[in-house]
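# Coordinate inspection notes
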Amino acid sequence: MPTDVERWKSAVYGNEIREHLFEFAEEGWESIPEDEHDAWFERFKWWGLYHQRNGQESYFMMRIGTPNGVLEPGQLRVVGEIADEFARGPGTNPIFGDAYADWTTRQSIQLHWIRLEDVPAIFEKLEENGMSTQQACGDSWRNIVGNPVAGKDAQEVVDAWPVIRELNETFKGDDDHSNLPRKWKVSVTGSADGSGQGDINDLAFEPAYKDVDGDEQVGFNVRVGGGLARNEERFARDIDVWVAPENVSAVAGGLSALFRDYGDRENRYNARIKFLVDEWGPEKVRNVLQDEYVDFEMHTAGRDVREEYTYNTGKGDRNDLIGVHEQKDGNYFVGLNVLVGRMGAEDVLELADLADEYGSGEVRLSQRQNVIVTDVPEENLDDFLAEDLLDDYSPDPSPFMRGSVACTGTEFCSLSIVETKNRQVRFARWLKQNVELPEDVDQFHIHLSGCTASCAQPQIADVSLRGMKTRKDGEPVEALDVGLGGGLGDEPQFARWVTQRVPVDEVPGAIRNLVGRFAENREGEESFREFVARHDDEELDAFVEPEETDYDDPMMHNTKMTWYPYAEDDSMDASPSPADD
Amino acid sequence: MTVALRILDDGAWVSVNDDRKVSVSELWRFPDPEFCGCDLTDMVVEGFVEVGVDGRTIEVRAYGQCIACGASATTKWLPVGRVVDGSFHDIDRESVLTPTVRE
Ligand code: HEM
Ligand code: SF4
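Residues numbered from 1 in each chain as written. Chains lettered and ligands numbered in written order. Predicted model: local features only at pLDDT ≥ 70, side-chain atom pairs only at ≥ 80, totals over all residues. Heavy atoms only, no water.

Named according to an unreviewed UniProt entry, chain B is DUF8134 domain-containing protein originating from Halogeometricum limi.

The line we're drawing: UniProt positions are given in the numbering used here, feature names are shortened, and annotations may be inferred rather than shown by experiment.
By the naming in an unreviewed UniProt entry, chain A is Ferredoxin-nitrite reductase, taken from Halogeometricum limi. Per its UniProt entry, chain A bears the Sequence similarities (unreviewed entry) comment "Belongs to the nitrite and sulfite reductase 4Fe-4S domain family."

## Quick word on the UniProt feature "domain: Nitrite/sulphite reductase 4Fe-4S" (unreviewed entry) in chain A
Residues and elements named next belong to chain A. Going by this rule: Put simply, DSSP H or I for four residues or longer makes a helix, DSSP E for two residues or longer makes a strand, and each gets a number counted from the N terminus.
The sites that carry the UniProt feature "domain: Nitrite/sulphite reductase 4Fe-4S" (unreviewed entry) are, in the present numbering, residues 137-293 and 401-545. Overall, residues 137-293 shows 29% helix and 20% strand. The separation of its end C-alpha atoms is 26 Å. As annotated, residues 401-545 has a helix share of 31% and a strand share of 24%, and its two end C-alpha atoms lie 22 Å apart.

## Observations regarding the site of ligand 1
Rule in force here: By convention in this text, a residue qualifies as near a molecule or strand provided that one of its non-hydrogen atoms is within 4 Å of it. Throughout this description, a polar contact denotes any pair of N or O atoms lying within 3.5 Å of each other; where both atoms belong to protein, one of them has to be capable of donating a hydrogen while the other can accept it, and for residues adjacent in sequence the pair is counted only when both atoms sit in side chains. Only Asp, Glu, Lys and Arg are considered charged, only Ala, Val, Leu, Ile, Met, Phe, Trp, Tyr, Cys and Pro nonpolar, and every remaining residue, Gly among them, polar.
Taken together, 21 residues are adjacent to ligand 1, and T104, T105, K185, A453 and C455 of chain A come closest. In this structure, ligand 1 sits where chains A and B come together, each supplying nearby residues. At a separation of 3.2 Å, a nitrogen atom of ligand 1 approaches a polar side-chain atom of R63 of chain A. For ligand 1, an oxygen atom lies 2.9 Å from a polar atom in the side chain of T104 of chain A. Broken down by class, the residue content of the shell around ligand 1 amounts to eight nonpolar, six polar and seven charged.

## Brief notes about a negative patch on the surface
All names here are of chain A. Rules: Two joining distances apply to patches: 9 Å for like charges and 5 Å for nonpolar side chains (Val, Leu, Ile, Met, Phe, Trp, Tyr), and every residue must have over 30% relative accessible area and no salt bridge. Per-residue and other accessible areas follow the Shrake-Rupley method at a 1.4 Å probe size, with only the shown protein chains counted as cover for residues. In what follows, salt bridge is the name for a side-chain nitrogen of Lys or Arg lying within 4 Å of a carboxyl oxygen of Asp or Glu. This count recognises Lys and Arg as positive and Asp and Glu as negative, with His and chain-terminal groups excluded. Positions of charges follow a simple convention, taking NZ of Lys, CZ of Arg, CG of Asp or CD of Glu. Relative accessibility decides the category of a residue: with a 1.4 Å probe and only protein chains considered, values under 20% of the type maximum give buried, values over 50% give exposed, and everything between is partly exposed.
A contiguous patch of negative charge on the surface is contributed by E16, E19, E23, E26, E27, D175 and D176. On the secondary structure map, D175 appears in the loop between α6 (161-171) and β7 (186-188). Its relative accessible area of 57% is what places D175 among the exposed residues.

## A look at the sheet that holds strand β12 (residues 323-326) of chain A
Residues and elements named next belong to chain A. Put simply, the rule is: Strand pairing requires that DSSP identify at least two bridges connecting the strands.
Taken in spatial order, the five strands make up an open sheet running β3-β15-β16-β13-β12, and their pairing is antiparallel. Across the chains shown, the open sheet's two edge strands, defined by having one partner strand only, are β3 (70-71) and β12. Bridge count for β3 against strand β15 (residues 363-365) is two bridges, and the pairing is antiparallel. Pairing of V70 across the sheet is with R364, part of β15.

## Re the pairing of strand β20 (residues 475-484) of chain A
All names here are of chain A. Burial runs high along β20: eight of the ten residues are buried. Across ten bridges, the pairing between strand β19 (residues 463-472) and β20 is antiparallel. Bridging across to β20, S464 finds its partner in G483. Linking β19 back to β20 in an antiparallel pair, the connection comprises two residues, with D473 at a positive phi of about 50°. As paired strands, β20 and strand β21 (residues 496-503) are joined by five bridges and run antiparallel to one another. Bridging across to β21, G483 finds its partner in W497.

## Observations regarding helix α15 (residues 507-521) of chain A
To keep things clear, this is the line we draw: An expected span of 1.5 Å times one less than the residue number is assigned to each helix.
The terminal C-alpha atoms of α15 of chain A, which comprises 15 residues, lie 21 Å apart, in line with the 21 Å expected from a rise of 1.5 Å per residue. Here α15 of chain A has its buried residues at V507, P508, G509, A510, I511, N513, L514, V515 and F518 of chain A.

## Let's talk about the site of ligand 2
Lining the immediate surroundings of ligand 2 are C407, T408, G409, C413, L415, S416, S449, G450, C451, A453, S454 and C455 of chain A. When its residues are assigned to classes, the shell around ligand 2 shows six nonpolar, six polar and no charged.

## Thoughts on the domain arrangement of chain A
It is common to give the size of an interface as the accessible area lost on bringing the parts into contact. Residue and element names in this part refer to chain A. Formally: What counts as a domain boundary in this text is fixed by an automatic or database domain assignment. Two residues qualify as a contact provided that any one of their heavy atoms is within 4.5 Å of a heavy atom in the partner residue. We define buried area as the total accessible area lost by two parts upon association, computed with a 1.4 Å probe and summed across both.
As assigned here, chain A comprises domain 1 (4-128), domain 2 (150-308), domain 3 (323-396) and domain 4 (401-561). The straight-line distance from the C-alpha centre of domain 1 to that of domain 3 is 27 Å. Each side of the interface is counted separately: domain 1 has 27 residues, and domain 3 has 23 residues. When domain 1 packs against domain 3, close to 2,100 Å² is buried across both sides, 59% of that on carbon and sulfur atoms. Linking domain 1 with domain 3 are three salt bridges. Measuring nitrogen to oxygen at the nearest pair gives 2.7 Å for the salt bridge that ties D353 to R77. At the junction of domain 1 and domain 3, the tally comes to ten residue pairs in polar contact (both at pLDDT 80 or more). Contributing elements (two or more residues each) for the side of domain 1 that touches domain 3: β3, α4 (75-86), β4 (100-103) and β5 (109-115). Broken down by element, the residue count for the side of domain 1 that touches domain 3 peaks at six residues, all from α4. Residues belonging to the side of domain 1 that touches domain 3 are distributed by class as follows: eleven nonpolar, eleven polar and five charged.

## Examining unusual backbone geometry
All names here are of chain A. In this structure, P578 follows S577 across a cis peptide bond, with omega equal to -5°. Secondary-structure assignment places P578 in the segment after α17 (537-544). Within the chain, Q197 stands out as a residue other than glycine whose phi angle is a positive 50°. Assignment of secondary structure puts Q197 in the loop between β7 and β8 (203-212). On the accessibility criterion, Q197 (1% relative accessible area) is buried. Positive phi values are uncommon outside glycine, yet D375 reaches one of about 60°.

## Here's the deal with the pattern of salt bridges
This structure, assessed with the given rule, holds 61 salt bridges over all chains. Residue R6 of chain B pairs with D18 of chain B through a salt bridge whose shortest N-O separation is 3.4 Å. Of this pair, R6 of chain B sits in strand β1 (residues 5-8) while D18 of chain B sits in the loop between β2 (13-16) and β3 (19-23), and the two are twelve residues apart along the sequence. Linked by salt bridges that have partners in common, D4, R7 and D38 of chain A together with R6 and D18 of chain B make up one network.

## Concerning the interface of chain B and chain A
Taken together, the contacts link 27 residues of chain B with 35 residues of chain A. Together chain B and chain A conceal approximately 2,500 Å² of surface at their shared face, both sides included; 43% is due to carbon and sulfur atoms. Taken as a group, D10, D18 and R20 of chain B account for 30% of the area that chain B buries against chain A, more than any other trio of residues on that side. The tally of links between chain B and chain A comes to seven salt bridges. For R182 of chain A, the salt bridge goes to D10 of chain B, with nearest N and O atoms at 2.9 Å. Here chain B and chain A share 19 residue pairs in polar contact (both at pLDDT 80 or more) between them. Every element with two or more residues in the side of chain B that touches chain A is listed here: β1, β2, β3, β4 (27-30), β5 (41-54) and β6 (57-66) of chain B. Per-element tally for the side of chain B that touches chain A: the top contributor is β5 of chain B, with five residues. Residues belonging to the side of chain B that touches chain A are distributed by class as follows: eleven nonpolar, seven polar and nine charged.

Written out as C-alpha cells, the structure is:
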C-alpha cells in the first residue's frame, strides 16, 4: 500500500505546488483547509518550507539552496535583508537575538519564523537576485554540495564548479526527477582535500585520473549510497565508474532515474538509495545503470586522490577551510569561523559590506557551517583581518570554537530530543576557558545533533554528541550520548558510541576529563582519532568520566515541551501561534 | 465519526485529524517485561511505529530506549489519548501507562 506521503505526492507535487502556495499566501494561513494540513506541509517542503514544530504553528523554516555554498556578489546582502525583515517571530533567542540566518552542514541557508503570507515577497526578492528555495527540502535533488572554493582553490585537481552549475540547472525543476522516493543528496568535489564530503552523500563525484586512449584525463570516480540518518550510517560505495566532466550530468541523471524507478516507495524508512545499494551491491547498481540508463559505455574507475584527503580527518592540514589561503589566481580566500553556523542579520549585512570592500563581494559557505570570503587581493588582507567583525568570526579561532557544529534542535525542529545550538555555544565557550589541548593539537571537532537524523553529522567528529534523556536525582533531564573517533579521509570511520545518556550539565566536565586522559596517554604525536582507534569501548568509556563543573546549563528540562525554550513563559499554553493575521 | 491518524516526518510525531498531538522526546513509564528487565520501563520516545484506534482510545507503538537500563526496542500498543466528540484529549502520559492487549 502506498504511504500517505506517496498519495499526496501523486496528487500534487513539484513545480505545481508553487501556485497553491501562493494562493494560500494571498488568502492567509487560515485558508489552508484544516483536514489538509499534513498533505500541504509535506508538499511545501519541495519549495523549501518546513512547518516549525508544535507550539509554533503557522511559522515556517525556509531553506535556500545555494549550490556548492556559492553566494555571488550581492547575494549575501539579500539574505541579510530578508532575515532582517522576515525572519522575526514571537521568540527572542538569548544569544542570537531576533533575526538571524543559519549556514547549514549542506552549504545551504536556513531562516526561521517565516510567515506564509510573506513567502511571495521573499521568493520575488530571492529570484530577482538569482537565488531559490526550490527543492531545498522534499523528495528530490537537494542542494548540491562540494568544495566551496571550487574554481579558486590552489589544491584543485579539476574545477567542479561548472559541473555543479550544470547539474543544478538540469535537475532543479526537471519534472522527470522532481518526485523521487526520498531525498537525493549529491556531492561533486574537484579538489584533493576531500572537502566535498562525498562519502556521506547519496551520490558522490570525486576527483580521479583515467587513461583514455593513451591520454591521462581528469574527471570523477562515482560512489553511491552514503548517509548518516537513523542509526543506519553508510559510507557511499564505489561502483567502479569513472566519468569525464562533460558526462557527469548523464551519469547523475541515470542514477537519479534508477533511484526514482527502483527505490522503495512503500516504506519511507527503507527508501534512501543506501538501502538499495545494500540490497543490490555496487556491481548490480553499475550493471543496471549501464544497461537501462546510460547510452554510452562507461569507463571503470580511475586513479583517485583519496590518500591526500585531509578535510574532517582529524589529522594533517586543512581539516576545515578556516584561515587565510592562497587562491590559484594569486588572491586569497579567508575562512571565518561562525560558531554553530548562526549569524545575526546585522552581522550578515556587515559581512556583505566587508566582502565588497576587500574582496569581490562573493562569499561561500562550507559544510562546517562556516563562511569564506573569496578574492581578497594580498594588499587588502591586513586591513580586512583587522576589522572588528572578525573578533566574533575569527579566521584563527580556538580549536573548540572552530570544531563546533550543531543542528537546529528543539528550538524549531519537530524531530529533536534536546536543545542544541545555544547549548553548543555554551559548551564551546566553557571548553575554551577551561580545557587545554596538547600544544600541537589545533583541531578538535565536536558535533552536536538533537536526534538520530544526524543533521550536524555527529558520526564524523572527534567527539559526537547526540540528543537523549535521562533522570538525574529522579527528575527527567536532557542528556547526550557520547561517541568518539569519527572522521572522513581515505579510510573514513564512524564514531563509536561509548558512553550513553550523560546529563547535559556533566558533558563539558566529561570532555575535559577525556582530553586530560588523551594528553596523558597519547603516544608521540598521535591524533585524537588514532588514540581512540587504539582503545576499546570500555577503556574509552572510562576516559569519558562525566562530572559536574561550574558549567551551568539553563536548559536541563524538557525543552521540547515548551512552545519556545527561551520564552519567559515557555509553556505550550502560552504559545502565541498560530499568528493572527 | 472517522479520525485521520498518521505518523509523519520519519516517525517524529502522531497526527490526529491533521494536528500534531504526540511527539518524540517524551518520557514514558510502563510495565513490559518483554521490553527490558526493569520493573518499570522508563523510555524516551525516539520514533513512532504504528498508530491505531481502539474504540475511542488512540494507541501507538513507539520505538525508544529505556533510560534506566539502556535497552532499545519497540513497545506494545500504548494508549496516548482519547477521542471525545471528534476531538483529541491527551491521556496523562507522565504517569504510568498500561499496555493494552490486542489480538
Ligand atoms: C522529516 C523531518 C526531517 C528529517 C528526516 C531530517 C533529516 C535530516 C538529515 C538526515 C539531514 C542530513 C544528514 C545527512 O547528511 O544525511 C538533515 C539536514 C538538516 N536538517 Fe533535517 N530533518 C528533518 C527536519 C528538519 C527540520 C524541521 C529542521 C529545522 C527546522 C531541520 C534542520 C536540518 C538542518 C539544519 C540540516 C543540515 C543542513 C542541510 O540539509 O542543508 N531538519 N536533515
Ligand atoms: S538532527 Fe534531529 S534535531 Fe537536529 S535538526 Fe536534524 S532532525 Fe532536527
